[in-house]
6 protein chains.
Amino acid sequence: MDTNLLKAILASFLREDIGRGDLTSESIFTPDEIGTAHLVARESFVAAGAARLAAQVFAIQNSAVVTEHAVADGTQVDSGKLLLTVTGPVIDLLKAERVALNLLQRISGIATYTALFVEKVKNYPARICDTRKTTPGLRMIEKYGVVAGGGSNHRFNLADGVLIKDNHIAACGSIAKAVAKVRDKVPHTLRLEVETDTLNQVRECLDCGVDIIMLDNMSVKQMAEAVEIIAGSVIVEASGGIGLANVEEIAKTGVDFISIGALTHSAPACDIGMDWSVSTR
Amino acid sequence: MDTNLLKAILASFLREDIGRGDLTSESIFTPDEIGTAHLVARESFVAAGAARLAAQVFAIQNSAVVTEHAVADGTQVDSGKLLLTVTGPVIDLLKAERVALNLLQRISGIATYTALFVEKVKNYPARICDTRKTTPGLRMIEKYGVVAGGGSNHRFNLADGVLIKDNHIAACGSIAKAVAKVRDKVPHTLRLEVETDTLNQVRECLDCGVDIIMLDNMSVKQMAEAVEIIAGSVIVEASGGIGLANVEEIAKTGVDFISIGALTHSAPACDIGMDWSVSTR
Amino acid sequence: MDTNLLKAILASFLREDIGRGDLTSESIFTPDEIGTAHLVARESFVAAGAARLAAQVFAIQNSAVVTEHAVADGTQVDSGKLLLTVTGPVIDLLKAERVALNLLQRISGIATYTALFVEKVKNYPARICDTRKTTPGLRMIEKYGVVAGGGSNHRFNLADGVLIKDNHIAACGSIAKAVAKVRDKVPHTLRLEVETDTLNQVRECLDCGVDIIMLDNMSVKQMAEAVEIIAGSVIVEASGGIGLANVEEIAKTGVDFISIGALTHSAPACDIGMDWSVSTR
Amino acid sequence: MDTNLLKAILASFLREDIGRGDLTSESIFTPDEIGTAHLVARESFVAAGAARLAAQVFAIQNSAVVTEHAVADGTQVDSGKLLLTVTGPVIDLLKAERVALNLLQRISGIATYTALFVEKVKNYPARICDTRKTTPGLRMIEKYGVVAGGGSNHRFNLADGVLIKDNHIAACGSIAKAVAKVRDKVPHTLRLEVETDTLNQVRECLDCGVDIIMLDNMSVKQMAEAVEIIAGSVIVEASGGIGLANVEEIAKTGVDFISIGALTHSAPACDIGMDWSVSTR
Amino acid sequence: MDTNLLKAILASFLREDIGRGDLTSESIFTPDEIGTAHLVARESFVAAGAARLAAQVFAIQNSAVVTEHAVADGTQVDSGKLLLTVTGPVIDLLKAERVALNLLQRISGIATYTALFVEKVKNYPARICDTRKTTPGLRMIEKYGVVAGGGSNHRFNLADGVLIKDNHIAACGSIAKAVAKVRDKVPHTLRLEVETDTLNQVRECLDCGVDIIMLDNMSVKQMAEAVEIIAGSVIVEASGGIGLANVEEIAKTGVDFISIGALTHSAPACDIGMDWSVSTR
Amino acid sequence: MDTNLLKAILASFLREDIGRGDLTSESIFTPDEIGTAHLVARESFVAAGAARLAAQVFAIQNSAVVTEHAVADGTQVDSGKLLLTVTGPVIDLLKAERVALNLLQRISGIATYTALFVEKVKNYPARICDTRKTTPGLRMIEKYGVVAGGGSNHRFNLADGVLIKDNHIAACGSIAKAVAKVRDKVPHTLRLEVETDTLNQVRECLDCGVDIIMLDNMSVKQMAEAVEIIAGSVIVEASGGIGLANVEEIAKTGVDFISIGALTHSAPACDIGMDWSVSTR
């Protein structure tokens, strides 16, 4: 994540939550009242974003805020664990609190959920990866959470990856024709991925220079056959209907990547609180 | 939701997902190839956002896209139900597909989850409402989902509502002092809410012109006592640790509002697909 | 006013006045020529914005500018009074001068004009407040000036306050129906205000849970009767055609708030100059 | 005024006033309820902005709004005169009303005030022009009002005009040196103006290729002498402390331009109302 | 190129050239004076951007402008050839003229220059591609010109392609270590490219799963040896110091891609004029 | 160039090149690895932009980057000359490298090309100036390069200069009518320029208060006659078809300005490299 881009995104989140000001806090506190607050885990989870997201949110609200003790991304924490300490004007800590917590809870939730999948497949070469099923506006940040949880990223958007789907194939007449058409027009720095529903389609792919074959919504048995057919000649990615219950048996088939939309659209948020020790300078 | 503001937000979501273009689709389709696609429920849920969100996303991508059959917000739909039909250039339908689905799935999820709570309390006067625990960048849209599910909205941000919390009270010395300080400075068009942890605090509030008393993390027994003490003189809002399991007994205490962060931070996404019937003009 | 939002607004004002650069000053001064200038009152008025607006404008133009001696908001100053001292690169002081002065003159003008009204009603409980008749683009800043002058703020925009007017009532059939319809849909954190033209409408309001009754363009006699009818049960706001000539007799009727569009649309600007003591580092 | 730039500015004004929506109107009206409203003069003035500003505001809020009968800029109207008729969704007419009126009242106010000055000098060649003492964010629009009132525009910002002031002169050592330094660096498409306080400075200007001499805060007698000295060789602009009381005698001196900050910072707003004839489609 | 993103970019170009308006044309033409103009080649070249860039510029300035006869991208045209006809308000044609021409001249220049290289290597499998040496702000548009001239695109930016250079290798200790480190962290949808200066480095690459080997600033002889060593196992890209004089002999070595910064930083602009046939409606 | 405006432009260039991050460098370097790099001339040229553009680019990417030894604008440098040294986090130096080089190469190219023209006319009073034929988005920066090369600037955009062309004249019926119409409406701070094709048009201009006469695409003989006719009464600008081959004979005619589009649209980029001395803190 580029810092300048991230700052712009986080600033827009603060703007949404603060509007033209915090009526309550600005009525009560003066800008020179200083406080310290601690972001603390209220349950067990894999932390993500303490330094890169939460601490940044406070710093953007007021560059005079000092942040310390940010727990490292990917750390498994227990309830009560200190995740971040922030010291600065009380008004600004209060203004930034909600955005910082909302982000930390969600992104730690994604890291935690990803880690569960990663753990399930740890004895297999398969890597867990995300999809484009992210929350609109949060793609970069949510994909950061996936990596923090031990997963890896699929393409970021429609412009930095090629995925030929059924519509594209139908429009061209065959996988080979679609692949030829696309290969000719996209940067050679990108791999070319094709979504397949059948073993025949898998075989078609092998004949026409595809770099990645996605096995979409196949049964585990089909996947195993596909992996055998492909025999290591190209990258294999399993996708569709994959959950904690079946991810291990899918990994067992020998696929290289398992892409899971639920990592970002269904990860439960973690419980994190902000404890205060306000003082006056 | 103001349409112009909404359009700007949705356009930024499309920009995130499309980047500088859809390399795959732009390589295969010409702008004059027209198709029709149907957004269809893949499970049962309360629909929200077909017309205001999903249809708008397609229209923003290309104003030539025609949308029809948008199911009304708040409709309980079964698997297989048509939610929206879109007809237009295939390239643009493909570009807008992911953002439209991501939004529809999440906001319908929020409506569905809210409706579960609303159903639980239907025999009581209590209304279910949201909090500021929304996804950064999506507050307006997520709060729209809460209303679609039969809930109501709490304040939108720190600038359009007043909520005096423990920090504020501590800084002023007493609830009465905090209330006086704030009342003097904020628009008279806003109600003044105070967060209370104890019945003594509830009593303090009654003496100083508070408009809404929030009962924060109280036991059901405490809440019942608080409602009795307040006796209808001001609005009562229950908050903290409320789920489907205990919401009904909380409603039974007679509180006016029950605010629940989980409506927006923990609602599971609904399963919605996009079925195609591509054709060439 | 949130500092980050304010900075963005002030930066846009500088951009408007500076364009791609100050052709004259950049031709003559080098960036290392330092100067000091004093913003000084050229007449008597109530100062507002020296620290929060004028000093910020200079700091945004160049963070190396040092500002001192900002007179406190709400201070009554006489001609010759130093309002702010700025020291920094001459080029940047010259670039920021016009925007800083334009703002300080206008906002001090609003504070001064507001203070005149506040003084007139000082023996009555009524508070003077503003309206949405502000200069487009300057609402937050102008409302800040009203508070600096001792007034208070009405709602900020259409989204953070509810005001049911004749059109709304006509569309619903009655005040009671309009109130019911709105109450059901807006956050409970907002008070509900209704604009009334007659005493009958005032009575209607009392029966249906209105929080604030606006007496719009009523005669002083009517207002007095309305106040008697309302008898302290809800907040009363006088509005329409109110000036320095009649504000006191309106306050005498016992209304709680007097809202005056002229505070922001007709306050004369104050005369403020910038005196230089340029020196070379 | 370029239409695209203007639209962006007007849209930002609507965003400020509407926020995330009109809570009241959106609770009561559906998007298909159509109404007609008439913007009507409530006093006599010179109208400006009915077509270019007010009508545009409504069109930006919703392109389905139809506007008619816009009175031409510069028209002297009496109380009761129809300035603009708007027909469209009631919700959008209500949302755009305040911004449209605020602009129309202010810009017509500027046109009216300018016209008073223009009338005073109608028997002399002098033209009335504005300054940079405009409301931050409204410069383009306010300068449009000056032209509508019969005045003309001075430079728009620091980048499209050259004005050498006392600071610049002091830094260079003499007017001649300052002029030489600036002339060498700025586009030859711009005239070069120098601010003078004394007749000696006027004489200095004549020797060094100045295009416009500003007579700043001079007495009428001094101005007359300056005009005689200059004898038509360059453009002469009077500035500083000019009001309706003395503008004619200044014009009598033979100056070419009279620049007046009050045109934009002190023009009283005009009284304009919006009368409704709501109907349902 | 996504149309919405492109429109935003083109609109910013118009804003730069028009500022707050076209003082000259707005003084002379009324908005209802219609004209027709023809963009015509003044020399021979490969056209690019008539429909996607120039026509769009006019349409953005005023959606009422009708554009016709856009010559197809990649067409070799002779002097006198009509490239585009535009009909609409004269004011808007004049406002958009310069931006439309500047773009068309530059992008056609890039297409023309690219086509020269493509022609040189037409008997070899090598494809000509661009680099990141584009004009800041114009990358998407310039890369569009490269494709129009028959070339192909390298990565768009630092986020959608991986290129391991000497610094990266030095920091890791070896190519193998650098590749391992990067491969683990970037999406599997991207190919991994390594810049090599020596044949030893080329051999190192073959052992560690590199997808593309860049031969940077090698002699033609070295390149030929590298191609032989690589023997078709991965993609080979020649780069550095390549011009029209030596591109053919480089293609002859059998490399797959030849990347040339000069395509975008040194292509001479084409001469294109705009001929008018103004008429009044 | 105003620093704040420039920073915003440069930041957008970085955003274009970096996207959401530098996948390669962020995979390899940690933020605390510090390096030093030297921007060095690889050929002879006139340097422009080392301090104002390149150094700023690095500082915007990370304010912790220290820049030193920026060669002064307009300096004639030989191959090997150090232009700028930058020290800071390696990640940020790598991220900013390409934008900094692209700008420095182009703007130095413009300065160098301009200096060639300036040298050709050094024995004549004529000044070399630019046009609006700049790269879209880079006008301010490219015009800065022209000045660094010893040239001067023509108007910046359509709003800060007046140029009456054949279309305008045709629409009005005569030069005199066009001039009268425009003069009446534009700020008196702007000179009025008219484009002429014939000596008759030149004579027409002299009768109607034109400030600058552009001799467009005239032969050298015609230009000489025009200069004689004008006889120093107004500024004379030669334009159209001017290159290094004929600029001196045009200067010899006595024109005051020679405007050349090629300065910005056809200046070859200079060769500049970035040499590294990476170290770990």
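Structure: above.
Residues numbered from 1 in each chain as written. Chains lettered and ligands numbered in written order. Predicted model: local features only at pLDDT ≥ 70, side-chain atom pairs only at ≥ 80, totals over all residues. Heavy atoms only, no water.

Chemist: Help me understand the packing of helix 4 (residues 90–120) of chain B against helix 5 (residues 139–148) of chain B, please; the structure alone is not making it clear to me.
Modeler: When two helices pack together, you describe them by how their axes are tilted relative to each other and by the distance separating the axes. Residues and elements named next belong to chain B. Between helix 4 and helix 5, the shortest axis-to-axis distance is 7 Å and the interhelical angle comes to 45°. On the basis of their axis angle, the class for helix 4 and helix 5 is oblique. Every pair of crossing elements has a handedness; the one defined by helix 4 and helix 5 is right-handed. Seen from helix 4, the contacting residues are Leu103, Ile107, Ile110, Ala111 and Thr114; seen from helix 5, they are Ile141, Glu142, Gly145, Val146 and Ala148. (Axes fitted to C-alpha atoms, helices over the stretch in contact; angles between N-to-C directions. Helix = DSSP H or I, 4+ residues; strand = E, 2+ residues; numbered from the N terminus. Parallel < 35°, antiparallel > 145°, perpendicular 65-115°, else oblique. Left-handed = near helix turned anticlockwise from the far one by under 90°. Contact = heavy atoms within 4.5 Å.)

Chemist: I would appreciate a short explanation of the interface of chain C and chain A in the present structure.
Modeler: Interface size, as often reported, equals the accessible area lost upon joining of the parts. If you look at the interface, chain C gives eight residues, while chain A gives nine residues. Taken together, both faces of the contact between chain C and chain A bury some 680 Å²; the carbon and sulfur share is 40%. When the area that chain C buries against chain A is broken down by residue, the three leading residues are C:Asp2, C:Asn4 and C:Leu5, summing to 62%. Put simply, chain C and chain A have two salt bridges between them. (Buried area = accessible area lost by both parts, 1.4 Å probe. Salt bridge = Lys/Arg side-chain N within 4 Å of Asp/Glu carboxyl O.)

Chemist: How should I be thinking about the sheet that holds strand 11 (residues 257–259) of chain D in this particular structure?
Modeler: Strand pairing in a sheet is mediated by backbone hydrogen bonds. Such pairs are either parallel or antiparallel. Residues and elements named next belong to chain D. What the six strands build is an open sheet, ordered 6-11-10-9-8-7; its pairing is parallel. Both edges of this open sheet fall to strand 6 (127–129) and strand 7 (162–164), since each of them pairs with a single strand only. For this sheet, the mean inter-axis angle between neighbouring strands, taken without regard to orientation, is 25°. In terms of strand pairing, strand 7 meets strand 8 (residues 192–196) through three bridges, oriented parallel. Its bridge partner lying in strand 8, Ile164 is registered against Val194. Against the sheet, helix 7 (residues 175–183) contacts strand 7 and strand 8, and its axis sits at roughly 155° relative to strand 8. Together, strand 8 and strand 9 (212–216) form the strand contacts of helix 8 (residues 199–206), whose direction differs from that of strand 8 by roughly 160°. (Pairing = 2+ DSSP bridges.)

Chemist: What am I meant to see in the relation of the copies chain C and chain A here?
Modeler: Two copies of the chain are present, and they differ by a rotation about an axis and a shift along that axis. For the pair chain C and chain A, the best superposition has an RMSD of 0.0 Å and corresponds to a rotation of 120° with a translation of 0.1 Å parallel to the axis. Such a combination of turn and shift is consistent with a three-fold rotation axis. Within chain C, the C-alpha atom positioned nearest to the axis of rotation is that of C:Ala8, 7.3 Å from it. (Least-squares fit on C-alpha atoms with pLDDT ≥ 70 in both.)

Chemist: Can you help me understand the environment of D:Leu14 in this one?
Modeler: Secondary-structure assignment places D:Leu14 in helix 1 (residues 3–18). Residues D:Leu14 and D:Ala100, 86 residues apart in the sequence, show an inter-C-alpha distance of 9.0 Å.

Chemist: Even after reading the chapter, I still don't get the environment of A:Leu101, so can you show me in this structure?
Modeler: Residues and elements named next belong to chain A. With respect to the element layout, Leu101 can be found in helix 4 (residues 90–120). What makes Leu101 buried here is its relative accessible area of 3%. Remark: the alpha-carbon pair of Leu101 and Asp271, spanning 170 residues in sequence, is separated by 9.1 Å. Apart from residues no more than four positions distant in its own chain, Leu101 is found in contact with Leu39, Ile272, Gly273 and Met274. (Buried < 20%, exposed > 50% of the residue type's maximum accessible area, 1.4 Å probe, protein only.)

Chemist: Would you explain helix 4 of chain B in this entry?
Modeler: An α-helical turn contains 3.6 residues, so any two residues separated by three or four positions project in the same direction. Residues and elements named next belong to chain B. Spanning 31 residues, helix 4 covers 43 Å between terminal C-alpha atoms, matching the ideal 45 Å at 1.5 Å per step. The largest bend in helix 4 comes to about 40°, at Glu97. Counted residue by residue, helix 4 has 26 buried out of 31 residues, so it is predominantly covered. (Expected span 1.5 Å × (residues − 1). Bend = angle between axes of the 7 residues up to and from the residue.)

Chemist: What's the story with the sheet that holds strand 7 (residues 162–164) of chain E in this structure? I'm lost.
Modeler: Residue and element names in this part refer to chain E. Strand order across the open sheet formed by six strands is 6-11-10-9-8-7, with parallel pairing between neighbours. Looking at strand neighbours, the two that pair on one side only are strand 6 (127–129) and strand 7, the edges of this open sheet. Across this sheet, the average inter-strand angle for adjacent strands is 25°, counted without regard to direction. Note that strand 8 (residues 192–196) and strand 9 (residues 212–216) share four bridges and pair parallel. By the bridge assignment for strand 9, Glu195 is matched with Met214.

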